[in-house]
Amino acid sequence: LDLEAWASSGLPITFSSSDSNVASVNGSALTIKAAGAVKLVAASINPGYSLSQRQQDVVIRKKPQTITFLPLESRKFGDAPFQVSANSTSGLPVTFTSLTPGVVRTEGQWVTIVGNGVAEIVASQPGNANWEPAESIHRSFLVADAGKMHELVGTTLNGGPNHSGVIFSMNSDG
């Protein structure tokens, strides 16, 4: 940004910033570096007269950001762990959380299927000193049963230690 100011004397104006970590000034060029509050000062020194200056309080707000997280495809129970990805307009890292830990679990960008049903994963980015938190994006997908057949074929009431439990017999294709 270019700063502009004029002195009635016609003498040059110098600009300064109260916090160069937030906004720095080089000549009349203002460079915004971070969110925060800063005083910008325009001054003119007229020899033989007192210093003439004006200051302006400026608040530099955090930037908004968004997340891009594409829909997820259906899976089957028993599928290998897979990676998910999302991007934030800030370039800051996106985190993933499972809202259905009985169906899928997340660790970093990896998703592990632990059951069948509807899985829901949330992509989020909390922001930092210069970026607002992004609105979280929810993605749901179906995790189908692997199609295995399990058949209960018999029971007995006198099983286990001391003949006090129930034992089930089962046929399974997986």
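These lines cover the structure that appears in this document, whether it is placed above or below. Residue numbers run consecutively from 1 along every chain, following the written order of its sequence. Per-residue local features of the predicted model are confined to residues with pLDDT of at least 70, and side-chain atom pairs are confined, for both listing and counting, to 80 or more; whole-chain, interface and lining totals are unaffected and use all residues. Calculation of side-chain values draws on the structure's entire complement of heavy atoms; hydrogens and water are dropped beforehand.

## Details of the nonpolar core
By nonpolar core is meant a set of buried Ala, Val, Leu, Ile, Met, Phe, Trp, Tyr and Cys residues that side-chain atoms within 4.5 Å join together. Relative accessible area decides the class of each residue, using a 1.4 Å probe on protein chains only: under 20% of the type maximum gives buried, over 50% gives exposed, and in between gives partly exposed. Judged by nonpolar contacts, the single largest core of 18 residues is most densely connected at Phe 69, Phe 96, Val 104, Ile 121 and Phe 141. Each helix corresponds to a stretch of at least 4 residues labelled H or I by DSSP, and each strand to a stretch of at least 2 residues labelled E; elements are numbered beginning at the N terminus. Elements that contribute at least two residues to this core include exactly strand 12 (110–113), strand 13 (117–124) and strand 14 (137–144). Examining the composition of this core, we find that 3 residues originate from one element, strand 13, more than from any other. Should any heavy atoms of two residues lie within 4.5 Å, those residues are considered in contact. Residues in contact with Ile 121, not counting those within four places in the same chain, are Phe 69, Leu 72, Phe 96, Thr 97, Val 104, Thr 106, Val 111, Ile 137, His 138, Arg 139 and Phe 141. Listed in part, the 9 residues of the second largest apolar core include Leu 3, Ala 23, Val 38 and Leu 40.

## As for the pattern of salt bridges
The salt bridge criterion pairs a side-chain nitrogen of Lys or Arg with a carboxyl oxygen of Asp or Glu, the two atoms within 4 Å. A full pass over the atoms with the stated rule returns 1 salt bridge. With its nearest N and O atoms 2.7 Å apart, the salt bridge here joins Asp 57 to Lys 39. Of the two residues, Asp 57 sits in strand 5 (residues 52–60) while Lys 39 sits in strand 4 (residues 36–44), which places them 18 residues apart along the sequence. Accessibility expressed as a relative area gives 52% for Asp 57, which makes it exposed. Judged by relative accessible area, which is 32%, Lys 39 ranks as partly exposed.

## Description of the side chain of Gln 65
Examined against the element boundaries, Gln 65 turns out to sit in the loop between strand 5 and strand 6 (67–68). Relative accessible area serves as the criterion here: at 5%, Gln 65 is assigned to the buried category. In this structure the side chain of Gln 65 is engaged in a polar contact, spanning 2.8 Å, whose partner is the side chain of Gln 125. Whenever a nitrogen or oxygen atom comes within 3.5 Å of another N or O atom, the pair is scored as a polar contact, on the condition that within protein one atom can donate a hydrogen and the other can accept it, and that pairs from neighbouring residues in sequence are kept only if both atoms are in side chains. Reaching out from Gln 65, the side chain makes a polar contact with the backbone oxygen of Glu 132 at a distance of 2.8 Å. For Gln 65, the contacting residues outside a window of four places in its chain are Ser 88, Thr 89, Ser 90, Leu 92, Gln 125, Gly 127, Trp 131, Glu 132, Pro 133 and Ala 134.

## Considerations on the packing of aromatic side chains
Pairing of aromatic rings covers Phe, Tyr and the six-membered ring of Trp, with a centre-to-centre limit of 6.5 Å; geometry is then stacked below 30 degrees between planes, edge-to-face above 60, and tilted otherwise. If you walk through the whole model with that rule in mind, you get 2 aromatic pairs. Taking 5.4 Å as the distance between ring centres and 55° as the angle between the ring planes, the aromatic pair formed by Phe 69 and Phe 96 counts as tilted. Placement of the pair is Phe 69 in the loop between strand 6 and strand 7 (75–76) and Phe 96 in strand 10 (residues 95–98), with a sequence separation of 27 residues. When its relative accessible area of 2% is taken as the criterion, Phe 69 is described as buried.

Interpretation note: all reported values are geometric properties and have no functional meaning in isolation.
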